[in-house]
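Single-letter residue listing:
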Amino acid sequence: MNWEQLLSLKRHGDTGKRLRKEQNEIRLGFEVDYDRIIFSSAFRSLQDKTQVFPMPIAVGSQKNFVHTRLTHSMEVSVVGRSLGRIAGQQILTKYPFLSEVHGHHFNDFGAIVAAAALAHDIGNPPFGHSGEKAIGNYFKQGKGKLYQDILTAEEYQDLIDFEGNANGFKLLTASREGVPGGLRLSYATLGAFIKYPKGSLPKKPSRNIVDKKFGFFQSEKEFFHELVEEIGLLPNPNHPETGFLRHPLTYLVEAADDICYTIIDFEDGINLGLIPEEYALEYLINLVKNNINTKKYNAMTTSSDRLSYLRALAISTLIGDAVDVFVKNEDKILNGEFNVSLLDKGKYKAQVEDIIKLSVEKIYQSTEVVDKELAGYRIISDLLDMYTSALINVKEGQDTNYDRLLIKSLPENYRNTDTSTYKILLDTSCFVASLSDSAAVHIHDKLTGRKV
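Everything numeric here is computed off the predicted structure, so don't read it as measured data. (Residues numbered from 1 in each chain as written. Predicted model: local features only at pLDDT ≥ 70, side-chain atom pairs only at ≥ 80, totals over all residues. Heavy atoms only, no water.)

Observations concerning the layout of surface pockets
One simple way to see leftover space: roll a probe sized like a water molecule over the atoms.
Stage number 1. If you add up the space inside the second largest pocket, you get close to 1100 Å³.
Stage number 2. Taken together, 42 residues make up the lining of the second largest pocket; nearest its centre are Lys170, Ala174, Arg176, Asn413 and Tyr414.
Stage number 3. Counting only elements with at least two residues in the lining of the second largest pocket, the list comes to helix H3 (41–44), helix H9 (164–173), helix H11 (221–231) and helix H20 (421–434).
Stage number 4. In terms of residues, the lining of the second largest pocket owes the most to one element, H20, which gives nine residues.
Stage number 5. In the lining of the second largest pocket, the residues fall into 17 nonpolar, 15 polar and ten charged. (1 Å grid on protein atoms, 1.4 Å probe; cavity = no way out; pocket = protein on both sides within 12 Å on 5 of 7 lines; lining within 4 Å. Points joined across faces, edges and corners; volume = space filled by probe spheres on them. Helix = DSSP H or I, 4+ residues; strand = E, 2+ residues; numbered from the N terminus. Nonpolar A, V, L, I, M, F, W, Y, C, P; charged D, E, K, R; others polar.)

See the structure below:
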């Protein structure tokens, strides 16, 4: 892979080249990507989507407002921008022609990573990661299983392993009437966004991190291949016909996410009292002990100030470590010889794993989180069953008055039945995935007669 292609400013529908030297520095193309994402309705819905905890949670007589998908995404974007800028400085030093000939600045790298990081969760369903599992479970073990025999293996796999990353790619790129190419982001940003550049099959064909999940549905396969050809992603040697290796900046997007959820989910758990403060501070101190200003830390009189200081220092420490790993392995990354996350190769891997292990035990398996997941499973399954049944009944000419009324409650762009069964099932799944937590609960209450 080469950086000239990887930093492509091309957008869907372009017939000519977009040259970096001709860009308006006041409103750079990569920064336009960020703006388009943050003003999109799909991004706004993240303000009411669960990160880990239902929101808000009552603690004693007060309500503690923890992170939503929106605040998490914005924090990941800020961390990603720093990672991109620092790495960009060193890449331009190594390859001066990128600046001298093409006009790239180190801020370009920061802008690409920031935009991709901002969008990294844009396709996630309501109720956290359990929402993905609930959609998949409906088609794998629920009533949706009856469609298996009329779908291709890849189409059915798209549904039973419904993936927020693939849904995000669909949201960002899928054309609809009057809106060709979705948000029409630069190909560099789209490339950095795709953590898993493969389809749903073959499933986990190797231990390489790029094969852990999948990054596009069959409905976006054609554009996906156009994108990877333009930016020059290498075929995955484990399955060269169906998969590709990552855009190098994807490793920085992933690191930004890993840093934020490791540290900030942990902080939320402390603030909610799920993890004892003294115990938790010890874990954070183990991570930052080489960088901590002991005098400054001891001068702080409140636990919230101490926690905030350690959180900021932990994020800064991991940013530096991730960039070091990225720069040292840049040649391997470009050649497709780097197959783990940056933090997995970092010098703080053990400390990060300790924090994650404690978070799994105390936070992710807490009663509040489990209760949310249980409710989410039922709500998502019910909504999928009602909507898919109605749409398929209309397609097959067996619809009832109830089916027709139900379909009228869907947004117009999800009502089309003059298409394939796969597209109806996928689009309905994507509609349910687009709902915020509150909207899913509200619609479920209306359709089941709990509210009128």
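Quick word on the pattern of salt bridges
Stage number 1. Scanning the model with the defined rule gives 22 salt bridges in all.
Stage number 2. The partner of Lys170 in a salt bridge is Asp427, and the shortest N-O contact between them spans 3.7 Å. Of the two residues, Lys170 is situated in helix H9 and Asp427 in helix H20; the sequence distance between them amounts to 257 residues.
Stage number 3. Given the relative accessible area of 12%, Lys170 is considered buried.
Stage number 4. Relative accessible area serves as the criterion here: at 13%, Asp427 is assigned to the buried category. (Salt bridge = Lys/Arg side-chain N within 4 Å of Asp/Glu carboxyl O. Buried < 20%, exposed > 50% of the residue type's maximum accessible area, 1.4 Å probe, protein only.)

Describing the packing of aromatic side chains
Stage number 1. Going through the model one piece at a time under the given rule, you end up with 15 aromatic pairs.
Stage number 2. With a centroid separation of 5.6 Å and 70° between ring planes, the pair formed by Trp3 and Phe109 is classed as edge-to-face. Pair noted here: Trp3 is in helix H1 (residues 3–6) and Phe109 is in helix H6 (residues 106–118), with a separation of 106 residues, a long-range link. Like Phe109, Trp3 is buried.
Stage number 3. Centre to centre, the rings of Phe169 and Phe223 are 6.1 Å apart; their planes meet at 25°, and the pair counts as stacked. Of this pair, Phe169 sits in helix H9 while Phe223 sits in helix H11, placing them 54 residues apart in sequence.
Stage number 4. The class of Phe169 is buried, set by a relative accessible area of 0%.
Stage number 5. Among the aromatic residues, ring-to-ring pairing joins Phe169, Tyr187, Phe216, Phe223, Phe224 and Phe244 into one connected group.
Stage number 6. Here Arg246 stacks its cationic end above the ring of Tyr251, 4.9 Å away from the centre of that ring. (Phe/Tyr/Trp six-rings, centres within 6.5 Å; stacked < 30°, edge-to-face > 60°. Lys NZ or Arg CZ within 6 Å of the ring centre and 35° of its normal.)

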